[in-house]
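Breakdown of the fold
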Amino acid sequence: MAGTGKVWLVGAGPGSVDLLTVKARRLLEEGDCIVYDRLVGEEVLGVIPLDKELIAVGKFAGRHATPQDEINRILIREAKCGKKVVRLKGGDPFLFGRGGEEAEALCREGIAFEVVPGISSSLAVPAYNGIPVTHRDYVSDVHIVTGHHRAGACQTIPYEALVRTGGTLVFLMGVGALEEIMDGLRHAGMDEETPAAILQQGTTSRQRRVIATVGTLAFRAREQRVKAPATIVVGEVCRLADEFAWYTKLPLFGEKILVTRPEGRDQGLSDRLRELGAEVLLMPTVRTVPVRDPVRLKAIEEELGRLLQYQVLVFTSPYGVERFFAILMESGRDMRALSHMRFAAIGQGTAEELKKRGIHADYVPAHYDGESLGKLLAGSLSDGTRILLARSSMGGAEILAEIEKNPGLAYRDLAVYDTEFTGERKDMLGAFMESGAVTGVIFTSGSTVEGFCRMLGEEFPYETVRAVCIGEKTRRAAAGAGMQTAVAANATAEALVACVMGKR
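Report on the accompanying structure.

1. Quick notes on the overall build of the chain
Scanning the chain from N- to C-terminus turns up 19 helices and 20 strands. Reported as C-alpha extents along the three principal axes, the dimensions of the chain are approximately 90 × 55 × 45 Å. Put simply, the chain has 504 residues, and 52% of those count as buried. Separation between the mean location of the 61 positive side-chain charges and that of the 65 negative ones in the chain comes to 2 Å.

2. Observations concerning the sheet that holds strand β20 (residues 484-487)
Two modes of strand pairing occur in sheets, parallel and antiparallel, and in both the strands are linked by backbone hydrogen bonds. Pairing within the open sheet is parallel, and its five strands lie in the order β12-β11-β18-β19-β20. Of all strands in the sheet, those with a lone pairing partner are β12 (279-282) and β20, marking the two edges. Here the strands of the sheet are splayed against their neighbours by 25° on average, with no regard to which way each runs. Strands in contact with helix α18 (residues 471-480) are β18 (440-443), β19 (466-469) and β20; relative to β20, the strand with the most contacts, it is inclined by about 175°.

3. Observations concerning empty space enclosed by the protein
Here the idea is plain: a probe the size of a water molecule rolls over the atoms and shows the empty space left. Inspection of the entire model under this criterion finds one cavity of 30 Å³ or more. By volume, the largest cavity is sized at about 40 Å³. Lining the largest cavity are H367, Y368, D369, I470, G471, A488, A489, N490 and A491. Classifying every residue of the lining of the largest cavity gives five nonpolar, three polar and one charged.

4. Side note on unusual backbone geometry
Following A228, the chain continues into P229 via a peptide bond in cis, with omega recorded as 0°. Along the chain, the position of P229 falls in the loop between α8 (217-223) and β10 (230-234). The phi torsion at F96 lies on the positive side, around 55°, for a residue other than glycine. Considering the arrangement of structural elements, one finds F96 in the loop between β4 (84-89) and α4 (99-108). The backbone of T203 shows a phi angle near 75°, a positive value even though the residue is not glycine.

5. Digging into the environment of F96
Here F96 falls in the partly exposed class, since its relative accessible area comes to 34%. Taking C-alpha positions, F96 is 26 Å from F432, a pair spaced 336 residues apart along the chain. Excluding residues that lie within four positions of it along the chain, F96 makes contacts with I144, V145, T146, L172 and M173.

6. Regarding the packing of helix α16 (residues 426-434) against helix α17 (residues 446-456)
Where α16 meets α17, the axes come as close as 9 Å, and the angle between the chain directions of the two elements is 90°. Here α17 runs roughly perpendicular to α16, going by the angle between their axes. The segment α16 lies against α17, with K426, L429, G430 and M433 engaging F452, M455 and L456. Residues belonging to the contact of α16 with α17 are distributed by class as follows: five nonpolar, one polar and one charged.

7. As for the pairing of strand β2 (residues 33-36)
What you see with β2 is no split at all: C33 and V35 on one side and I34 and Y36 on the other are buried throughout. In this sheet, strand β3 (residues 53-56) lies alongside β2 in parallel orientation, the contact comprising four bridges. Within the sheet, the bridge partner assigned to V35 lies in β3 and is I55. Here β2 runs beside β4; their pairing, made up of four bridges, is parallel. Bridge assignment links V35 to a residue of β4, and that residue is R87.

Quick notes on the rules
- Residues numbered from 1 in each chain as written.
- Predicted model: local features only at pLDDT ≥ 70, side-chain atom pairs only at ≥ 80, totals over all residues.
- Heavy atoms only, no water.
- Helix = DSSP H or I, 4+ residues; strand = E, 2+ residues; numbered from the N terminus.
- Buried < 20%, exposed > 50% of the residue type's maximum accessible area, 1.4 Å probe, protein only.
- Lys, Arg positive; Asp, Glu negative; His and termini not counted.
- Charge placed at Lys NZ, Arg CZ, Asp CG, Glu CD.
- Pairing = 2+ DSSP bridges.
- Axes fitted to C-alpha atoms, helices over the stretch in contact; angles between N-to-C directions.
- Contact = heavy atoms within 4.5 Å.
- 1 Å grid on protein atoms, 1.4 Å probe; cavity = no way out; pocket = protein on both sides within 12 Å on 5 of 7 lines; lining within 4 Å.
- Points joined across faces, edges and corners; volume = space filled by probe spheres on them.
- Nonpolar A, V, L, I, M, F, W, Y, C, P; charged D, E, K, R; others polar.
- Parallel < 35°, antiparallel > 145°, perpendicular 65-115°, else oblique.

Put into structure tokens, the structure is as follows:
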């Protein structure tokens, strides 16, 4: 069909963004429209770029699940609009994910599609709980069964056949039918002392397991108030869970950290937190964008024509470095226009951005904030030095106040990019925070705090928020909103991680 788009049926894996496939991650970047259900992990939702159209079709708080026929119509409608449609499904799209039904609907309409397999919770969740579904000393086969059946239909699990295999049994979507499943296995001849486990919200910060037997698992699960989504495993391999458990032993297991810094400005922080076991939700509350106003662009061009008048070029963020050099090149100039200058950077990340361009920063304060950088410049530069600051239009006044304490210095504060508040994921942020599962929120500037509060509104109980902040100014902004606060020793990923560790 001329002008028709395409659909990708994409498996999002069991929850952790680290288990998203390379192709799935690429499609989230390239797709126009993301149609997702409730089993897609919050970490995965957090990495979807802000400019993507999101259509939720799962069962979420306050709304019923979208019927499958309607989901099919949505996929067809969006594809016929010429869009690249990513149908994002928890786990694997063809393993109890109804991907086959969606593929049939697309075939009937002549719409091109691809299937992108995902890591299934049937394998990943036991692995994250220390349960190998096969082990040569225990069992050589595994059988994956759905514990869910059509509304109004009878349960059709072939219990006798499953018991005869002697293999590991994995039941998906079986929480509501747990007692029925255990009774079915016992009545089919399985020893009620056979080890069994139910694994809730595997690969996330709320992962927990209940190890029991076929005879006692239903009672233990009720006692522990296990809720969906959960995976049921039956077999001798369940005995290995306590010995092989590894995920829950990571130092930040159980922490669910929300990061508010601008999209694409993570600088390895999220990766480090995840390596230590935390679940990380990316939720930018501000964005950094190039200057668009023609009047201001003309002012920047005029300042570039006066570069010889300045002796020190100051950067207060990595993005400021990126934008300044982009503007420099766009103006027809290059590095030679800066050969007479010395360079100052607010911190390690900004200094690293300069290094990418072959420049070593001459001035970097021991404490990475505007006040410290201003003090360093005021105390180090000789009278008559002219300073050019290339930074955000929302830059704080602290650095300027310190420079002005040395009357022998002159400066020009030049905004080379803008910081804007975001609001595209307001509802998603509200859902993340209202669940009560977020254990900490990382703020990297006062503007990220303000953006966070704008998105949640005045009525949100900010006293429940545990804020991990870069710098005293950011801490004051968070405390002013009523949050519990802690301040990282410095503006680095390691310092933020250490601060999170110290909060435990």
